[in-house]
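Chains, contacts and geometry: an overview
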Amino acid sequence: MSLAERIDLPSSEAPGGASACPACLAAPSAERLAAMAGPAGGRLVLSLPTAHCAACMTTVEGGLEKLAGVRSARVNLTLRRVSVDAEPEVTAAQLVEALSRLGYEAHELDAGMLSATETDRQGRDLLMRLGVAGFSMMNVMLLSVAVWSGAEAATRDLFHWISAAIALPTVVFAGQPFFRNAWTALRAGRLGMDVPISLAIILASSISLFETFHSGHHAYFDAAVMLTFFLLAGRYLDHRTRAVARSAAEELAALEVPRATLLRDGEEVTVPIAELAAGDLVRVRPGGRMPVDGVVAEGYSELDRSLLTGESLPVPAGPETVVSAGEVNLTGPLTVRVTAAGRDSSLHRMADLVAVAESAKTRYTSLAERASRLYSPLVHILSFTAFGVWMWITKGDVRTSINISAAVLIITCPCALGLAVPAVVTAASGRLFRKGLLIKDGTALERLAEVDTVVFDKTGTLTLGTPEPTNLATLPPADLALAAALAASSAHPLAVALALAARGQGVQPAAVADLREVPGFGIEGRLEGRTVRLGRAEWVGAAPEPVTATYLSTGTATRAITFSDRLRPGAEEAVRALAGQGKRILLLSGDTEGAVAELAGRLGIGEWRSGQLPAEKAQRVADLTAEGRRVLMVGDGLNDTAALAAAHVSISPASALDAARVASDIVLLGKDMAPIADAARISVKATKRIRENFAISAAYNVVAVPLALVGLATPLAAALAMSLSSISVSLNALRVK
């Protein structure tokens, strides 16, 4: 089947093939997208405000999938929501009750609850608690210095009471994120990472208060506040890596038109999209976005399909042309017969595909999360074992046993583990930002280090999407002057590029009269008594070229003016460097075969496919993944969004559509593509630093834990050792280059 047949645009039924518009051959089929997306019913979405780690994801998904009528459950940690595919009789209230039994607060999804405003509020809350803990830590440490310097009796007790007055309210306020999560986990019968953290903070504060009441020589308020500060720092760093990620599916849904102009008994009536049915006729005026999937029943125009295909050139449209929701009508009014609207439209189906792909991506488990599964139970076992053994050794000395148990708990507190990944991600993100790359997702660097296959989009990604004429030097001066005059009167991208190039060569436009634009065909006028035209091949009577071109009719002859797309700066270097790193390179584009083959040849890419629909790109990425490949997708169009979300890791230029940028894990801020290869190299080093941080944390525990177990480390010494391990981890992270 030819590409023209695939999009239901026979040349005999539409006014000519778009000589200047290769993107017309890549128009998405609404029916195919809808078929691939599957049924939309039976899906419930709930928000999970307290979910924050891989253990939460496993618990929620496993718990919900045990319920009768639930077919599957997927948690999206970035958005803190769970998507449940269930039988019609399953209600949101039942799911909320089940999640409550598991220890999770849940609400039936209200789109406003997960807005960027809510995310910002959470970040500000963490930052405020971090600031309070830091300020208190500095003051308590100053008081502790006086005690360490030899303050005795009443002076020491006074400093301890002042420290208590500062530290206790600080711990209660700043430690709330840990206390809430720990309490929720315990109520559900689980041991999360926040349980040992909360126990360590509470024990350090309680022991200090006991010692202060009994005029003891040592209090550990500084340890409690210091512990809280460093743990909040790790939590805030982790939050910031997640906060910039928003749902690409929501961005796609925002492109949907809420109302349409319905033709009812010959009159125009504005109605909500939900009231439209297959077979209705709707009017779409120039400049309007297509509200539905359908077929043009009347009118001729050009369509901007860049949102769907990624190709910047307009597409001609006439009777029987298939159109999709989200396309923009450019030059003439169209009457469209509806085939699908609202939730059944291709745009909405694509949003569903992206949402599913996003949820699948969050199933990736970071190195820190994998380590934490074993770490938390081990911490409790060591601490309680130390308490029991010392109660036996000291014959019931609770004070000594609790001190040693607290020291073990503090010294093994997962602060270094909590900072191991965020510290490296922050350091690497800063370096890549200076190179022009913004890391949006906390696990993106780890996933990028695993990549062995890179898939590129063409227009807007490897190229800038700005056509340039390539054969002006071969045109006779009179024909060039005529082409310049006609092009100057059109807003078509090829005409604009032609007019600019001619002006740059100092060409004086010919004196053409009666200029008028024919929607969907081109522009024509009169010169010396004959009709002259610039536009589509069939319209001017020329044979179509295999490359992007527009055609000039002088009234006596026809000439093709060919164009090529300008390469994005650094594209050649990026492809060459990635290939040099041993990665497999592919090119997938919605453009014509000739244009894609020409670009692949210029860049030395051996594997390429042309005429790719959005679902076909996503399917190709899925096929590569099924082969065991780890795919990096680089794209910028709405047609790339599902593929970007489905890939192991993804990159979009800052010039990309909002939906594509949001679906991607990394954003290329400038035009230069060379930093993409740097990102791949730095990601490998960053992953190495993360593993080194785990090794540092493990080595620290091997040395420090035995000292705490035998009673040679007080809770204060444990807190200082814990802080030293955290500082070591942070300094090692700065070695990422």
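1. Some details on the overall build of the protein chain
- When helices and strands are counted, the protein chain shows 27 helices and 26 strands.
- In the protein chain, which comprises 737 residues, the proportion classed as buried is 55%.
- Sequence-distant contacts in the protein chain: of pairs separated by 6 or more residues, those separated by 24 or more amount to 71%.
- A total accessible area of about 29900 Å² is found for the protein chain, and carbon and sulfur atoms account for 59% of it.

2. Comments concerning the pattern of salt bridges
- Summed over the entire model, instances satisfying the criterion amount to 20 salt bridges.
- Here Glu607 makes a salt bridge to Arg584, at a shortest N to O gap of 2.8 Å. Here the residue Glu607 occupies a position in strand S23 (residues 607-609), and Arg584 occupies one in strand S22 (residues 584-588), the gap between them amounting to 23 residues.
- Residue classification places Glu607 among the partly exposed positions, given a relative accessible area of 31%.
- Put simply, Arg681 and Asp678 hold a salt bridge, and the shortest N to O gap is 3.6 Å. On the criterion of helical spacing, the pair formed by Arg681 and Asp678 is a turn pair, its members being 3 residues apart in helix H26 (residues 675-709).

3. Digging into the sheet that holds strand S13 (residues 334-340)
- Within the open sheet, the 6 strands sit side by side as S6-S5-S7-S13-S8-S11. Their pairing is antiparallel. The sheet terminates laterally at strand S6 (267-272) and strand S11 (322-323), the two strands that pair on one side only.
- Taken together, the 5 bridges between strand S8 (residues 293-298) and S13 define a ladder with antiparallel strand orientation. Note that in S13 the partner of Gly294 across the bridge is Val338.

4. Here's the deal with the pairing of S8
- Of the strand pairs in this sheet, S8 and S11 are connected by 2 bridges, and their pairing is antiparallel. Each bridged residue has a counterpart across the sheet, and for Val295 the counterpart in S11 is Val322.

5. Notes on the nonpolar core
- Core analysis: the biggest nonpolar cluster contains 44 residues, and Phe456, Leu462, Leu632 and Met673 have the highest contact counts within it.
- Sort the elements by how many residues they give to this core and H26 lands first, with 8 residues.
- Those residues in contact with Phe456, other than ones at most four positions away along the chain, are Thr461, Leu462, Val575, Leu578, Ile585, Leu586, Leu587, Leu588, Val634 and Met673.
- The next biggest cluster of nonpolar side chains, apart from the first, holds 42 residues, and it includes Ala204, Leu231, Ile404 and Ala708.

Calculation notes
Residues numbered from 1 in each chain as written. Predicted model: local features only at pLDDT ≥ 70, side-chain atom pairs only at ≥ 80, totals over all residues. Heavy atoms only, no water. Helix = DSSP H or I, 4+ residues; strand = E, 2+ residues; numbered from the N terminus. Buried < 20%, exposed > 50% of the residue type's maximum accessible area, 1.4 Å probe, protein only. Contact = heavy atoms within 4.5 Å. Areas by Shrake-Rupley, 256 points an atom, 1.4 Å probe, with all protein chains shown as cover. Salt bridge = Lys/Arg side-chain N within 4 Å of Asp/Glu carboxyl O. Pairing = 2+ DSSP bridges. Core = buried A, V, L, I, M, F, W, Y, C linked by side-chain atoms within 4.5 Å.

Such coordinate-based values are descriptive only and should not be taken to indicate function.
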